[in-house]
Amino acid sequence: MTSPVICITGGASGMGLATAKKFASNGWQVILIDLVDAQLQKAKEILGEDTLTLVADVTQEAQMQAAMASVSEATGGRLDILFNNAGIAPGGLLEAQSTETIRAILDVNVLGVIFGIRAALPMLKATPNALCISTSSSVATYGHATRAVYSASKFAVKGLTEALSLEFEADDIRVADVLPGCIDTPLLRAELAKGSGQPFSETMLERLPQEGAYRLMPDTAIADAVWSAYENADRIHFYVPEEIGDTDRVKVQDIQAAKDEIRQFLYRPR
């Protein structure tokens, strides 16, 4: 296979599908992993018959290992980008959320990312200039009320990204994340409807900020961020929109200096 390869979890809709469209239109081989085969087949109709679709649950490590084995067989062991995008975003007061919901958030948003990376690691190691990128969130710059567990899960992804950016240096694997604010996706629309207790209507989007960090952005903005992450080796965090990063920039002025300091005390060349 001569075309570069991107594999996207949660790729059948929303930000994952938007990213798939961008990369497919630029000649990349696109591989989608998602839970529902019917949605994957709809995505395949949009992207073309060359798209490889795989049904797998990111919370089940054995399924992710099997899916990545299929990816490796199809690509000859090549994987230029792994985009860990699968996620869920139930909200609510901490005291009101069920234990089942809390576990589901952590299983999908944290363990799902970890299992995906572990399963894809042999391919990433074998592919020069490979990128491992995951979807974090604006809530990982400062946690949001009524999104406590979700915030915790996305802080975990952000921390994992920073840690692996050091750990994977010896393997020439780049690591990054994308931190979206309000992105117009089926997930956002579902959460708006759930929060209002009524079916979704377009007017709900009008109540979102019209400007600033939390203005509504199209899902194509995430696709552009993933593309930028592959092109730009000097950044770890990609904020959408860029103003989302203002909170982090107040807290950490120089990420490279922070990385160098951590590396000095905790890491030694292998």
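**With respect to the side chain of Ser134**
Logical step 1: As for its position among the elements, Ser134 is in strand 5 (residues 130-135).
Logical step 2: Leave out the neighbours within four places in its chain, and Ser134 touches Phe83, Asn84, Val113, Ile117, Val157, Ala176, Asp177 and Val178.

**Describing the environment of Gly77**
Logical step 1: Relative to the assigned elements, Gly77 resides in the loop between helix 3 (61-75) and strand 4 (81-84).
Logical step 2: For Gly77, a relative accessible area of 16% puts it in the buried group.
Logical step 3: For Gly77 and Thr127, which are 50 residues apart along the polypeptide, the C-alpha to C-alpha distance reads 7.9 Å.
Logical step 4: Beyond its immediate chain neighbours, meaning those up to four positions away, Gly77 contacts Ser72, Met123, Ala126 and Thr127.

**Comments concerning the packing of aromatic side chains**
Logical step 1: Across all of its chains, the model carries 4 aromatic pairs by this definition.
Logical step 2: Relative to Trp28, the ring of Phe23 lies with its centre 4.9 Å away and its plane at 85°, an arrangement referred to as edge-to-face. For the pair formed by Phe23 and Trp28, the shared burial category is buried.
Logical step 3: On the numbers, 4.9 Å between centres and 55° between planes, the contact of Phe23 with Trp227 is tilted. A residue pair is termed long-range when its members are at least 10 positions apart, and Phe23 in helix 1 (residues 14-25) and Trp227 in helix 8 (residues 220-231) qualify at 204 residues.
Logical step 4: The buried category is assigned to Phe23, whose relative accessible area is 0%.
Logical step 5: Its relative accessible area of 24% is what places Trp227 among the partly exposed residues.
Logical step 6: The rings of Phe23, Trp28, Trp227 and Tyr230 are connected pair by pair, giving a single aromatic cluster.
Logical step 7: Its end group placed over the ring of Tyr230, Arg174 keeps NZ or CZ at 5.2 Å from the ring centre.
Logical step 8: Sitting over the ring of Phe238, Arg235 keeps its end group 4.4 Å from the ring centre.

**Describing the packing of helix 4 (residues 99-126) against helix 5 (residues 148-167)**
Think of two packed helices as two axes; the pair is described by the angle between the axes and how far apart they sit.
Logical step 1: Viewed as axis vectors pointing N to C, helix 4 and helix 5 meet at an angle of 15°, and their least axial separation amounts to 8 Å. With respect to each other, helix 4 and helix 5 are oriented roughly parallel. Helix-helix and strand crossings are classified by hand; for helix 4 and helix 5 the assignment is right-handed. In this structure, helix 4 contributes Ile102, Ile105, Leu106, Asn109, Val110, Val113, Ile114 and Ile117 to the contact, and helix 5 contributes Val149, Tyr150, Ser153, Lys154, Ala156, Val157, Leu160 and Leu164.
Logical step 2: Residue composition of the contact of helix 4 with helix 5, by class: 13 nonpolar, 2 polar and 1 charged.

**Structural notes on the sheet that holds strand 9 (residues 237-240)**
Logical step 1: Reading across the sheet, the 7 strands line up as 3-2-1-4-5-6-9 and stay open at both edges, with parallel pairing between neighbours. What marks the edges here is a single partner per strand, and that holds for strand 3 (52-55) and strand 9. Each adjacent strand pair in this sheet contributes to an overall mean axis angle of 15°, direction not counted.
Logical step 2: Taken together, the 4 bridges between strand 4 and strand 5 define a ladder with parallel strand orientation. Opposite Ile81, over in strand 5, you have Leu131 as the bridge partner.
Logical step 3: Of the strands in this sheet, strand 4, strand 5 and strand 6 (173-180) are in contact with helix 4, which crosses strand 4 at around 180°.

**With respect to helix 2 (residues 37-47)**
Owing to its 3.6 residues per turn, the α-helix brings residues three or four apart onto one side.
Logical step 1: Those residues of helix 2 that sit buried are Leu40, Ala43, Lys44 and Leu47. Projected down its long axis, helix 2 carries its buried residues within an arc of 105°, all on one side. Relative to its buried face, helix 2 has exposed residues pointing more than 90 degrees away, namely Lys42, Glu45 and Ile46.
Logical step 2: The inward-facing, buried residues of helix 2 abut helix 1, strand 2 (29-34) and strand 3.
Logical step 3: Taken from the residues just after helix 2, Gly48 is the one with a positive phi, measuring 120°.

What counts and what doesn't
Residues numbered from 1 in each chain as written. Predicted model: local features only at pLDDT ≥ 70, side-chain atom pairs only at ≥ 80, totals over all residues. Heavy atoms only, no water. Helix = DSSP H or I, 4+ residues; strand = E, 2+ residues; numbered from the N terminus. Contact = heavy atoms within 4.5 Å. Buried < 20%, exposed > 50% of the residue type's maximum accessible area, 1.4 Å probe, protein only. Phe/Tyr/Trp six-rings, centres within 6.5 Å; stacked < 30°, edge-to-face > 60°. Lys NZ or Arg CZ within 6 Å of the ring centre and 35° of its normal. Axes fitted to C-alpha atoms, helices over the stretch in contact; angles between N-to-C directions. Parallel < 35°, antiparallel > 145°, perpendicular 65-115°, else oblique. Left-handed = near helix turned anticlockwise from the far one by under 90°. Nonpolar A, V, L, I, M, F, W, Y, C, P; charged D, E, K, R; others polar. Pairing = 2+ DSSP bridges. Arc of directions from axis to C-beta.

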